[in-house]
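Residue-level structural notes
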Amino acid sequence: MSKPYYEFFCPVKIIAGHAALEHIPFELATLGAKRPMIITDKGVRTNHLLAPIEAAFESTETVIGYIFDDVPPDSSLETVRKAAQLYKENNCDAIIAVGGGSVIDTSKATNILVTEGGDDLLKYSGAHNLPQALQPFFVIPTTSGTGSEVTMVAVVSDPEKNVKMAFASYYLMPHAAILDPRMTQTLPPHLTAMTAMDAMTHAIEAYSCMAHNPISDAYATAAIKKIADNLFNVLDTPTDAHGRLELAQASTMAGIAFSNSMVGLVHSLGHALGAVAHLPHGLCMNLFLPYVLEYNKEENGDKIAELLLPLAGADIYAQTPAHLRADKAISMLLAIRDRLFVLAKLPRTLQETGKVTEDQLDEVAEKALNDGSIIYNPKEATLDDLKTILKKAW
């Protein structure tokens, strides 16, 4: 059944492939930018991931104005202010984010300050509080998971007040996302697995939750298939350029899908667990995905059944009787998690993380109940329902 009404929006230019980095100076020039600032973290710089980017600028008129590599794992207000100050001091006119979620969030927030002036980010927090378009902004992801390169959201911590500030605005969307397999080839197996399951969850929830639409469905199913087809090849051969590019594209496609159709209960539980036990987001997604699908099955079993085709391929889909396809899709995901545990030590249960205690579960359930993502879950959940899911994931 088609939706009576929906909206779909993604103005981000995707520049993808085995020489994508070399196109950056030209793309900046089309936006009138000549002195980009690179925002990244120490890990990216230590792994020499900036080398091919710097090489791309060598024979062009565009010069890198400054490289800021001081982004911590959890982006903070102080970092954003420091980056904005250095941007101004070095007369930069664009931002290139090179990294994962924290670097991208830091860059989005920095772009607010360098465009609007001052150092008060608070007045722009919340939804749609930016008055105008921001400076030219490109993102080069070094993980294949968050999808932040195509979203309009950023989250920045204010450690002094112990709060996380969220920003949402169409103006936060990058002008371009550059997907180049050279940027993820050194990603270790554990992170490769964790970020892939982050993207897998984005795609599956985008497809199976209440706000899905025909266009987001197309992106979501394509992302699921790319991850299912390529993740284990990449874990076997980390330098597999084709596989790395496929995972990067899957992450971006999943990001486009969930930006337009939202996510559900896996994210509510994941956000809550992340806040209570300080575990990485992708790891939390991997923990809860099959158990939430099991919970939702009586409400949207038909949508879960359709996931079997991109997850397992046409032969297995055709051989599985229609009434068993939802269960088969969930068992496929359980099998993927088992293989990832063996190959990359990615925990499947709360106990296997070694970071969660049973007495924290009530707090996780309460926080999840108040998380915004729960609104779009196909089946309503009570506090007791959430506690039951957490017990299954224990």
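Our subject in this report is the structure included herewith.

Reading the values: rules and limits
Residues numbered from 1 in each chain as written. Predicted model: local features only at pLDDT ≥ 70, side-chain atom pairs only at ≥ 80, totals over all residues. Heavy atoms only, no water. Helix = DSSP H or I, 4+ residues; strand = E, 2+ residues; numbered from the N terminus. Contact = heavy atoms within 4.5 Å. Phe/Tyr/Trp six-rings, centres within 6.5 Å; stacked < 30°, edge-to-face > 60°. Buried < 20%, exposed > 50% of the residue type's maximum accessible area, 1.4 Å probe, protein only. Lys NZ or Arg CZ within 6 Å of the ring centre and 35° of its normal. Pairing = 2+ DSSP bridges. Axes fitted to C-alpha atoms, helices over the stretch in contact; angles between N-to-C directions. Polar contact = N/O pair within 3.5 Å; in protein donor to acceptor, adjacent residues only side chain to side chain. Arc of directions from axis to C-beta. Salt bridge = Lys/Arg side-chain N within 4 Å of Asp/Glu carboxyl O.

Within the element layout of this structure, Ala 223 appears in helix α7 (residues 214–236). Ignoring anything within four residues of it in the chain, the contact list for Ala 223 reads Ala 203, Ala 250, Met 253 and Ala 254.

What follows deals with the packing of aromatic side chains. One pass over the structure, following the stated rule, counts 2 aromatic pairs. Ring geometry for Phe 8 and Tyr 219: centres 5.6 Å apart, planes at 15°, overall stacked. Linking Phe 8 in the segment before β1 (13–16) with Tyr 219 in helix α7, this pair joins segments that are 211 residues apart in sequence. Pairing Phe 9 with Tyr 170 gives two aromatic rings, centres 4.9 Å apart and planes at 75°, and the pair type is edge-to-face. Note that Phe 9 is positioned in the segment before β1 and Tyr 170 in the loop between β8 (163–168) and β9 (176–179), a separation of 161 residues in sequence. Overall, the relative accessible area of 38% leaves Phe 9 in the partly exposed class. Judged by its relative accessible area of 42%, Tyr 170 falls in the partly exposed class. One Lys or Arg, Lys 303, reaches over the ring of Tyr 207 and ends 3.6 Å from the middle of that ring. The aromatic ring of Tyr 295 is capped on one face by Lys 379, whose charged end is 4.1 Å from the ring centroid.

This paragraph deals with the pairing of β8. Pairing between strand β5 (residues 126–127) and β8: 2 bridges, direction parallel. When the sheet's bridge partners are listed, Ala 127 is paired in β8 with Ala 168. Examined bridge by bridge, strand β7 (residues 153–158) and β8 share 6 bridges and lie antiparallel to one another. Looking at the pairing, Val 156 lines up with Met 165 of β8. Adjacent in sequence and paired antiparallel, β7 and β8 are bridged by 4 residues, among which Asn 162 carries a positive phi angle near 55°.

Okay, the sheet that holds β8 next. Read across the sheet, 3 strands follow the order β5-β8-β7 without closing on themselves; strand pairing throughout is mixed. What marks the edges here is a single partner per strand, and that holds for β5 and β7. Relative to the sheet, helix α5 (residues 101–116) contacts β7 and β8, its axis offset from that of β7 by approximately 90°.

Along the chain, Asn 230 turns up in helix α7. Judged by relative accessible area, Asn 230 falls into the buried class, the value being 7%. Among the polar contacts listed, one links the side chain of Asn 230 to the backbone oxygen of Lys 226, at a separation of 2.8 Å. In contact with Asn 230, not counting residues within four places along its chain, are His 242, Gly 243, Glu 246 and Leu 247.

This part takes up helix α15 (residues 361–369). Among all positions of α15, only Leu 361, Val 364, Ala 365 and Ala 368 are buried. Mapping the buried residues of α15 onto a view down its axis gives an arc of 100°, with all of them on the same face. Where α15 is buried, its residues contact α9 (265–277), α14 (350–353) and α16 (383–393).

Take the pattern of salt bridges next. Inspection of every chain in the model, using the stated rule, returns 18 salt bridges. Across the pair Lys 42 and Asp 69 runs a salt bridge, and its minimum N-O distance is 3.0 Å. Linking Lys 42 in helix α2 (residues 42–46) with Asp 69 in the loop between β3 (66–68) and α4 (77–89), this pair joins segments that are 27 residues apart in sequence. The shortest N-O distance in the salt bridge between Lys 303 and Asp 217 comes to 3.1 Å. Taken as a pair, Lys 303 in helix α10 (residues 281–306) and Asp 217 in helix α7 lie far apart in primary sequence, 86 residues in all. In this structure, Lys 303 and Asp 217 share a single accessibility class: buried. Each of the salt bridges in this network shares a partner with another, and the network as a whole consists of Lys 42, Arg 45, Asp 69, Asp 70 and Lys 82.

Read these as spatial facts, not as claims about activity.
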